[in-house]
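Topology and contacts: notes
One letter stands for each residue in the lines below.
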Amino acid sequence: MSTTRAIRAVIYGVGEMGAIVTRLAVERGVQIVGAIGRSPAKVGRDLGDVVGLGKPLGVVVEDDANAVLARGADIALVCVGSYLDTMHEHFETCLTHGVNVLTIEEETVYPWTTAPRLSQHLDALARQKGVTLAASGAQDVFWVNLVAVLTGASHRIDRVAGHCRWNVDDYGPEVAHHLKIGTHKDDFDRFVSSEGWPEFVARQTLEAIVARLGMSVKTIASDVTAVTHDRALRSTALSIDVAPGHVIGTVDRTQITTVEGSVFEFSMEGRLYEEGDTDSNDWQVEGEPNLHLSNTQVPYRFTTCSTLVNRIPDVIAAAPGLVSLDQLGAPRCHPNMLHHEC
């Protein structure tokens, strides 16, 4: 006999993105059973108050992840960082307690080549515990699945080229610091020359597309350049005015050539916005025939969160292990968030 109940979720990270995720999950009928944060200004307060719902949820934000997860949940919605080398311990904690993990951490979209050791470790742990680790966000819809569907009209693919633009201030100070907003361009260039630059989302996106299309990677090349402006721009995330000649953003590019001969390119422009700027998404598929996909007003911050929430049932139902984005089916809206038990 099958029964249904509300999905029980832990909100892991109560910053700007976690706040949106909380609201959307509550409105979908997800039962929030725990919240994990690190800010002294938020720990000890009701989650509804912390994220601005205007009503209490009866869930207190705590800084002891083990204590929260030990009480049990179907899934942890993790909105903390961007790379496995800083996030894997958070994932390990969730998986060890037998809790599925769904995250906006970008590298886990397709981590097999950029973090192979950590990916294999987390995959083995998740399989051992019978749960799933996966990542989602705006790239799930706009950069992976829409592009893969577009190629379904292709007879021959010579080149796939994408460009997106997104507002750095939408993602808070952690992302702004990562992009070195406010740094002089010369200092940025020296840093990249001496320290290198982590491959930030563009590579994982292209590798997921290539894998989804059943192709094999031959070569991968990535680079980054700083974006500057000829006048000062305000960063609301950092509460600073960025002077001319200083970094207001970056363009991260990746190119993949495939064994099959198709070339894939993607450039991601994250920058401070001026009045009138909007998030954009543009892809060209060159071949037979030539195809074009353009979205001129994509609210990436919101759709990162709404796509994450829509993926909750998919991840709970997925096979145990680390499931990269190419292995999940196409995303869709799930109006009914229920957990089915036999």
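Below you will find a few notes about this structure. All values derive from a computational prediction rather than experimental measurement.

The rules behind each value
- Residues numbered from 1 in each chain as written.
- Predicted model: local features only at pLDDT ≥ 70, side-chain atom pairs only at ≥ 80, totals over all residues.
- Heavy atoms only, no water.
- Helix = DSSP H or I, 4+ residues; strand = E, 2+ residues; numbered from the N terminus.
- Buried < 20%, exposed > 50% of the residue type's maximum accessible area, 1.4 Å probe, protein only.
- Contact = heavy atoms within 4.5 Å.
- Core = buried A, V, L, I, M, F, W, Y, C linked by side-chain atoms within 4.5 Å.
- Disulfide = S-S within 2.5 Å.
- Phe/Tyr/Trp six-rings, centres within 6.5 Å; stacked < 30°, edge-to-face > 60°.
- Pairing = 2+ DSSP bridges.
- Salt bridge = Lys/Arg side-chain N within 4 Å of Asp/Glu carboxyl O.

1. Digging into unusual backbone geometry
- Each neighbour pair has its own omega, and for Glu288 with Pro289 the value is -5 degrees, a cis peptide bond.
- Position of Pro289 among the secondary structure elements: in the loop between strand E14 (280-288) and strand E15 (291-295).
- For Lys180, which is not glycine, the phi dihedral falls at a positive 60 degrees.
- Secondary-structure assignment places Lys180 in the loop between helix H7 (172-178) and helix H8 (185-195).
- The partly exposed category is assigned to Lys180, whose relative accessible area is 23%.
- The residue Ser239 is not glycine, and still its phi comes out positive at about 55 degrees.

2. A short note on helix H10 (residues 300-310)
- When you tally the buried positions in H10, you get nine out of eleven residues, the bulk of the element.
- Three or more residues of H10 are buried, namely Tyr300, Thr303, Thr304, Cys305, Ser306, Thr307, Leu308, Val309 and Asn310.
- The secondary structure elements touched by the buried residues of H10 are helix H1 (16-27), strand E6 (100-103), helix H6 (138-150), strand E8 (156-167), E14 and helix H11 (312-317).

3. Section: the nonpolar core
- Ranked by internal contacts, the top residues of the largest apolar core, which has 85 residues, are Trp166 and Ile312.
- For Ile312, the residues in contact, after removing those within four places along its chain, are Ile7, Val30, Ile75, Leu77, Leu102 and Met337.
- In this structure, Val68, Ala115, Leu118 and Ala126 belong to the second largest nonpolar core, which totals 24 residues.

4. Some details on the state of the cysteines
- For the structure shown, the criterion picks out zero disulfides.
- Not engaged in a disulfide, the cysteine Cys164 finds its nearest cysteine sulfur in Cys305; these two sulfurs lie 16 Å apart.
- By relative accessible area, which is 0% here, Cys164 ends up buried.

5. Structural notes on the packing of aromatic side chains
- Enumeration according to the criterion identifies six aromatic pairs in this entry.
- With 6.2 Å between their ring centres and 85 degrees between their planes, Phe142 and Tyr300 make a pair best called edge-to-face. With Phe142 in helix H6 and Tyr300 in helix H10, this pair connects stretches of sequence that are 158 residues apart. Of the two residues, Phe142 and Tyr300, neither departs from the other in class, the shared state being buried.

6. With respect to the sheet that holds strand E16 (residues 321-322)
- As summarised here, the arrangement of the seven strands in space is E4-E3-E2-E5-E6-E7-E16, forming an open sheet in which the pairing is parallel. With one partner strand each, in any of the chains shown, strand E4 (61-62) and E16 form the two edges of the open sheet.
- Summarising the sheet, strand E7 (residues 132-135) and E16 pair through two bridges and their orientation is parallel. Each residue of the ladder has a partner; that of Leu133, found in E16, is Leu322.

7. Let's talk about the pattern of salt bridges
- Following the criterion strictly, the structure yields 23 salt bridges and no others.
- A salt bridge links Glu62 to Arg71, with the nearest nitrogen and oxygen atoms 2.8 Å apart.
- The partner of Arg156 in a salt bridge is Glu288, with the nearest N and O atoms 3.4 Å apart. Of this pair, Arg156 sits in strand E8 while Glu288 sits in strand E14; the two residues are 132 residues apart in sequence, bridging distant segments of the chain.
- One salt-bridge network, held together by shared partners, links Arg231, Glu269, Arg271 and Glu274.

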